[in-house]
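One letter stands for each residue in the lines below.
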Amino acid sequence: MMDAYFNRVKAVLKAKGKVSGAWLHLASNISAEIMASAGFDVLVIDAEHSPVDYQTVLSMCQAIKGTGAVPFARAPWNDLIALKRLHDCGVAGVSVPYVNTKEEALEAVSRCKYPPAGIRGIAGSVRAAGYGQNQGQYLQRANDENLVMVAIETMIGVENLPSIMEIDELDGIFIGPMDLSTSMGLMGQYQHPDFMAAVKRVEDLVIPSKKFLATVANNFEDAKVLYERGYNLIVMMSDSVDLMKLAKERAQAFKDCYGKEG
């Protein structure tokens, strides 16, 4: 008999522990397999800012299976169909972008839960449920095991965060620094006092609470600072961005050594 469906990352985050994360931006099952084999706890398939489709999401979840990594997805929007299809492919957690109000957060949670807790359409034929086998009693356990976080990416979201935090079924809060800074007219100015004050408002609400706090970092050194501050999930690498960094570094090393000989 198959073990009961269990989301180990959600269990760690509910206990306010620390987990490592990385983006999957390349819409590739190959890069998903590579990143999963590297040992990250969470791999976030980016369905908002990458060319990924649902067939590819499914194949990426297959590539991750058995490695110990848990597949999450950043949804393209707070959309009933998108959230349902991502879950059906087998992701165990979602980040819902651009949530600004308690009502929007309630909609996000409801769209991720089977009735009567929500309005997610139920089907036993999907990959998540084992293609008709309901492996691990997925259909009975998904509401409890699948994770939902919302992204705070505007000052409206910051202002409304106290009421958003009232939603018991919401597991965590993700700070989107690029969108938040841009919404403030401070694109990428992460050391600006106004931006830092906005982030601190979020931290002061979430870190002492029962919900986890997540965001992004460029490397482990930056991530470590955030973990020590009380964050629980840091997405600290990208299959596309870090490949570009390494490629540029290697190409520049050749140019520095041999000039234009190549």
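Residues numbered from 1 in each chain as written. Predicted model: local features only at pLDDT ≥ 70, side-chain atom pairs only at ≥ 80, totals over all residues. Heavy atoms only, no water.

K.L.:
Explain the side chain of Ser209 here, please?
P.N.:
Along the chain, Ser209 turns up in the loop between helix 9 (193-206) and strand 7 (212-216). On the basis of relative accessible area, Ser209 is assigned to the buried category, the value being 19%. Separated by 2.6 Å, the side chain of Ser209 and the backbone oxygen of Val206 make a polar contact. (Helix = DSSP H or I, 4+ residues; strand = E, 2+ residues; numbered from the N terminus. Buried < 20%, exposed > 50% of the residue type's maximum accessible area, 1.4 Å probe, protein only. Polar contact = N/O pair within 3.5 Å; in protein donor to acceptor, adjacent residues only side chain to side chain.)

K.L.:
Just to check I follow, could you spell out helix 5 (residues 102-112) for this structure?
P.N.:
Owing to its 3.6 residues per turn, the α-helix aligns residues three or four sequence positions apart on the same side. Burial in helix 5 covers these residues: Ala105, Ala108, Val109, Ser110, Arg111 and Cys112. Contact partners of the buried residues in helix 5: helix 4 (80-89), strand 4 (93-96), helix 6 (138-145), strand 5 (147-152) and helix 7 (155-164). (Contact = heavy atoms within 4.5 Å.)

K.L.:
What should I look at first to understand the environment of Asp41 in this one?
P.N.:
Mapped onto the elements, Asp41 comes out in the loop between helix 2 (29-38) and strand 2 (42-46). As a C-alpha pair, Asp41 and Met165 span 124 residues in sequence and 25 Å in three-dimensional space. Dropping the residues within four chain positions of it, Asp41 is found in contact with Arg8, Val9, Val19, Ser20, Gly68, Ala69 and Val70.

K.L.:
Looking at this structure, how should I read the pattern of salt bridges?
P.N.:
Side chains carrying opposite charge are able to pair once their charged atoms draw close together. Taken as a whole and assessed by the stated rule, the structure comprises 12 salt bridges. As a salt-bridge pair, Arg74 and Glu48 come within 3.3 Å of each other at their nearest N and O atoms. Taken as a pair, Arg74 in strand 3 (residues 70-74) and Glu48 in the loop between strand 2 and helix 3 (54-64) lie far apart in primary sequence, 26 residues in all. The class of Arg74 is buried, set by a relative accessible area of 12%. Through salt bridges with shared partners, a single ionic network connects Lys10, Lys14 and Asp171. (Salt bridge = Lys/Arg side-chain N within 4 Å of Asp/Glu carboxyl O.)

K.L.:
Explanation requested: the packing of aromatic side chains in the structure shown.
P.N.:
Overall, the coordinates contain 5 aromatic pairs when judged by the stated rule. Here Trp77 and Tyr98 contribute two aromatic rings whose centre-to-centre distance is 5.7 Å and whose plane-to-plane angle is 25°, an arrangement assigned as stacked. Residue Trp77 is found in the loop between strand 3 and helix 4, and its partner Tyr98 is found in the loop between strand 4 and helix 5; the two are separated by 21 residues along the sequence. A relative accessible area of 45% places Trp77 in the partly exposed class. Taking 5.3 Å as the distance between ring centres and 45° as the angle between the ring planes, the aromatic pair formed by Tyr190 and Phe195 counts as tilted. Exposure remark for Tyr190: the relative accessible area of 33% places this residue in the partly exposed category. (Phe/Tyr/Trp six-rings, centres within 6.5 Å; stacked < 30°, edge-to-face > 60°.)

K.L.:
Even after reading the chapter, I still don't get the packing of helix 7 against helix 9, so can you show me in this structure?
P.N.:
For any two helices packed against each other, one specifies the crossing angle of their axes together with the interaxial distance. Interhelical geometry of helix 7 versus helix 9 gives an angle of 25° and a closest axis separation of 10 Å. In terms of their interaxial angle, helix 7 and helix 9 are classed as roughly parallel. Relative to helix 9, helix 7 is oriented so that their crossing is left-handed. Between helix 7, through Met155, Val158, Glu159, Leu161 and Pro162, and helix 9, the contact on the second element is made entirely by Ala198, Arg201, Val202, Leu205 and Val206. Tallied by class, residues from the contact of helix 7 with helix 9 come to 8 nonpolar, no polar and 2 charged. (Axes fitted to C-alpha atoms, helices over the stretch in contact; angles between N-to-C directions. Parallel < 35°, antiparallel > 145°, perpendicular 65-115°, else oblique. Left-handed = near helix turned anticlockwise from the far one by under 90°. Nonpolar A, V, L, I, M, F, W, Y, C, P; charged D, E, K, R; others polar.)

K.L.:
What is the right way to read the pairing of strand 6 (residues 172-175) from this model?
P.N.:
Each regular strand displays side chains that alternate between the two surfaces of the sheet. Neither face of strand 6 is open: one carries Gly172 and Phe174, the other Ile173 and Ile175, and all of them are buried. Two strands pair when backbone bridges link them, and strand 5 and strand 6 are joined in this way by 4 bridges, in the parallel orientation. Note on strand 6: the bridge partner recorded for Met149 is Gly172. Taken together, strand 5, helix 7 and strand 6 form a β-α-β motif whose crossover is right-handed. Relative to strand 7, strand 6 is paired through 3 bridges, and the arrangement is parallel. (Pairing = 2+ DSSP bridges. Right-handed = clockwise from strand over helix to strand, strands pointing away.)

K.L.:
Got a minute to help me understand helix 11 (residues 239-258) in this structure?
P.N.:
Its 20 residues place the ends of helix 11 29 Å apart at the C-alpha level, agreeing with the 28 Å of an ideal helix rising 1.5 Å per residue. Of the residues trailing helix 11, Gly259 is marked for its positive phi of about 65°. (Expected span 1.5 Å × (residues − 1).)

K.L.:
How do you make sense of a nonpolar patch on the surface when you look at a structure like this?
P.N.:
On the surface, a nonpolar cluster with roughly 240 Å² of combined accessible area is contributed by Leu80, Ile81 and Ile119. By the element assignment, Leu80 lies in helix 4. Residue Leu80 is classed as partly exposed on the basis of its relative accessible area, which comes to 30%. (Patch = residues over 30% accessible without salt bridge, like charges linked within 9 Å, V, L, I, M, F, W, Y side chains within 5 Å. Areas by Shrake-Rupley, 256 points an atom, 1.4 Å probe, with all protein chains shown as cover.)

K.L.:
Help me understand the nonpolar core in this model?
P.N.:
One broad trend across soluble globular proteins is that nonpolar side chains are buried collectively. Grouped together as the largest cluster of nonpolar side chains are 56 residues, with contacts concentrated most on Leu43, Ile45, Val150, Ile164 and Ile173. For this core, the element with the highest residue contribution is helix 3, accounting for 6 residues. Listed in part, the 24 residues of the second largest apolar core include Leu13, Ala128, Met149 and Val235. (Core = buried A, V, L, I, M, F, W, Y, C linked by side-chain atoms within 4.5 Å.)

K.L.:
Where do I start with the environment of Ile30 in this structure?
P.N.:
Relative to the helices and strands, Ile30 resides in helix 2. By relative accessible area, Ile30 is classed as exposed at 54%. A sequence separation of 34 residues divides Ile30 from Ile64, and the C-alpha atoms of the two residues are 9.6 Å apart.

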